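# Working through the structure, step by step
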Amino acid sequence: MWGGRFAAGPSAIMREINASIPFDKALWRQDIAASKAHVAMLGAQGIVSAEDARTIAEGLDRIAAEYEANGVSENLDLEDIHMVTESRLAELIGPAAGRLHTARSRNDQVATDFRLWVRDACEQVEAGLVELQRALVTRAGEHADSVMPGFTHLQAAQPVTLGHHLLAYYEMIRRDRSRFADARARMDECPLGSAALAGTGFPLDRDATANALGFARPTANSLDAVSDRDFALDYLQAAAQCALHLSRLAEELILWASQPFGFVRLPDALSTGSSIMPQKKNPDAAELVRGHAGRIIGCLTSLMVTMKGLPLAYSKDMQDDKPPVFEAHGLLGLSIAAMTGMIADATFRTDRMRAAAELGYATATDLADWLVREADVPFREAHHITGSAVKLAESKGVALDALSLDQLREIDPRIDQRVFGALSVDSSVAVRASYGGTAPVRVREQVAAARQALDMES
């Protein structure tokens, strides 16, 4: 490959450290597509003959069929997917294969291939996230009225509905989808034709290759085009944020599936047992989703550290750009699929949820709000009165609504019989009907809007 510049071949160590074919063979579809677009443009521009362009394209199609059937061979001497393909093309069609690399470099070639791969990855994640949203919305619709405790500091705070809780994750995933869409839009420029770093003297039609590969436009600066990996970082940043959301949901399912909570039974198909304790049903899929988030964040950090000090244009460090992206994409896809399955097939113990919501004085804020609305008490004073009521109920070991009217009036005479209509968990969730609130009527509205956004049947 190096022609006459070197008197001797690389050492065994250099051969191994320099080769990327063990991982960049994953780019073979993109490499074939970009090469076909490039040679078609070369032929159209008269840079290579029409006959050579046709022969090269046919040879690339034969190679694609071979790769599809048998995979890509890992010849370390050929270093990467680009040279493996070009070498095989030479075996198939002879010297004409050497014309394929006219007016391009492996620098713009890999930048194009990798963009194409990451663009496809964004679309794959988008499809998976839509299915997760569908599962969340379906279950939220089933549980618009199901009361559960809402927590702050992992302490019972106020009653909410399970549907409202699940829709919180729908909103997180909606933002994740927007981040991948933003990343997809920013990477919609084609580096092909930038050559090594400075462009080329050949009369290329870069718009033609960009259009052939589905890009909106060619990149505007050849130096930036070959040295840019923002598109990969954009993908990893979106993946890391998405993984954080999946991890939070996984953590809640892990807690809810534990015996002290008992809020959910996870599907057997996404749980495991113990090698020694026959009674165990472990939420291992959820725990692995939680663990994968750390690995995905690590992938982002890895590429950021690789890129942070590189001068323009291409440096060999950038060969290490692909493994973290490939790893993160695989982990994220598994995590999305696992969470979708858990949400879709979980059995929610709404009886346990309601019982927990009725403990811990979760309607205390409702008493304070009632004092503000019905007795014209300033909220800070109402807060103090309610705290006294909670203290009394706690000393007697009863729920707040189990206190008698006389006991409540001893705390503050402005309290009357109407207060008991505000102290049940059902009234607590029903009254929170502000836009975005947990009231069942609002949950159903949000479910309907989400179903419409996702093109789900009503």
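Here we summarise the structure given alongside this text. This is a predicted model, so every value here is computed, not measured. (Residues numbered from 1 in each chain as written. Predicted model: local features only at pLDDT ≥ 70, side-chain atom pairs only at ≥ 80, totals over all residues. Heavy atoms only, no water.)

Time to look at the pairing of strand 2 (residues 155-161). Here strand 1 (residues 147-152) runs beside strand 2; their pairing, made up of six bridges, is antiparallel. What sits directly across from Met 148, in strand 2, is Val 160. (Pairing = 2+ DSSP bridges. Helix = DSSP H or I, 4+ residues; strand = E, 2+ residues; numbered from the N terminus.)

By size, the foremost hydrophobic cluster in this structure holds 99 residues, and its most contacted members are Phe 180, Tyr 235, Leu 246, Trp 256, Val 325, Leu 332 and Met 339. Of the residues forming this core, the biggest block, 16 residues, is contributed by helix 10 (residues 230-257). Filtering out sequence-adjacent residues up to four positions away, Phe 180 remains in contact with Cys 122, Val 125, Leu 129, Tyr 235, Ala 238, Ala 239, Cys 242 and Leu 332. Listed in part, the 20 residues of the second largest apolar core include Ala 389, Ala 393, Ile 415 and Val 419. (Core = buried A, V, L, I, M, F, W, Y, C linked by side-chain atoms within 4.5 Å. Buried < 20%, exposed > 50% of the residue type's maximum accessible area, 1.4 Å probe, protein only. Contact = heavy atoms within 4.5 Å.)

With that settled, consider helix 5 (residues 81-93). With 13 residues, helix 5 extends 18 Å from end C-alpha to end C-alpha; this agrees with the ideal 18 Å at 1.5 Å per step. For helix 5, every residue scored as buried is listed here: Ile 81, His 82, Met 83, Val 84, Thr 85, Glu 86, Leu 89 and Leu 92. A distance of 3.1 Å separates the backbone nitrogen of His 82 from a side-chain oxygen at the start of helix 5, and that oxygen is part of Asp 80. Two residues or fewer past helix 5, Gly 94 is found with a positive phi of approximately 85°. (Expected span 1.5 Å × (residues − 1). Polar contact = N/O pair within 3.5 Å; in protein donor to acceptor, adjacent residues only side chain to side chain.)

Our focus in this paragraph is the packing of aromatic side chains. In total, this model carries eight aromatic pairs according to the counting rule given. Between Phe 261 and Phe 263, the aromatic rings sit 5.3 Å apart at their centres with planes inclined by 85°, giving edge-to-face as the arrangement. Note on Phe 263: relative accessible area 2%, which makes it buried. For Arg 119, the ring lying beneath its charged end belongs to Phe 215, and the centroid distance is 4.8 Å. Looking at Lys 322, its charged tip hangs above the ring of Phe 114, at a distance of 5.5 Å from the centre. (Phe/Tyr/Trp six-rings, centres within 6.5 Å; stacked < 30°, edge-to-face > 60°. Lys NZ or Arg CZ within 6 Å of the ring centre and 35° of its normal.)

Moving on to the side chain of Ser 271. Checked against the element boundaries, Ser 271 lands in the loop between strand 5 (264-265) and helix 11 (284-307). Within the structure, the side chain of Ser 271 is placed 2.9 Å from the backbone oxygen of Pro 267, a separation counted as a polar contact. Apart from residues lying up to four places away in sequence, Ser 271 is in contact with Leu 266, Lys 281 and Asn 282.

So, on to the layout of surface pockets. When its volume is computed, the largest pocket comes out at roughly 620 Å³. Lining the largest pocket are 30 residues, and of these His 164, His 165, Ala 168, Tyr 169 and Met 172 sit closest to its centre. Breaking the lining of the largest pocket down by element, the ones donating at least two residues are strand 1, helix 7 (162-186), helix 10 and helix 18 (440-453). Taken together, the residues that form the lining of the largest pocket break down as 17 nonpolar, eight polar and five charged. (1 Å grid on protein atoms, 1.4 Å probe; cavity = no way out; pocket = protein on both sides within 12 Å on 5 of 7 lines; lining within 4 Å. Points joined across faces, edges and corners; volume = space filled by probe spheres on them. Nonpolar A, V, L, I, M, F, W, Y, C, P; charged D, E, K, R; others polar.)

This part covers the environment of Ile 297. With respect to the helices and strands, the residue Ile 297 is situated in helix 11. In this structure Ile 297 comes out as partly exposed when scored by relative accessible area, which is 32%. On a C-alpha basis, the gap between Ile 297 and Gln 452 in space is 33 Å, while along the polypeptide they are 155 residues apart. Ignoring sequence-local partners within four residues, the contact set of Ile 297 consists of Ala 240 and Leu 244.

Relative to the helices and strands, Lys 308 resides in the loop between helix 11 and helix 12 (322-345). Exposure remark for Lys 308: the relative accessible area of 69% places this residue in the exposed category.

Glancing now at the pattern of salt bridges. Taken as a whole and assessed by the stated rule, the structure comprises 35 salt bridges. As a salt-bridge pair, Asp 80 and Arg 106 come within 2.6 Å of each other at their nearest N and O atoms. Here Asp 80 is found in the loop between helix 4 (50-70) and helix 5, whereas its partner Arg 106 is found in helix 6 (residues 106-142), with 26 residues between them in sequence. Neither Asp 80 nor Arg 106 differs from the other in exposure class; each is buried. Between Arg 174 and Glu 171 there is a salt bridge; the shortest N-O distance is 2.8 Å. One end of the pair is Arg 174 and the other is Glu 171, both in helix 7 and three residues apart, which spans about a single turn. By relative accessible area, which is 42% here, Arg 174 ends up partly exposed. Connected via shared salt-bridge partners are Glu 66, Arg 88 and Glu 91. (Salt bridge = Lys/Arg side-chain N within 4 Å of Asp/Glu carboxyl O.)

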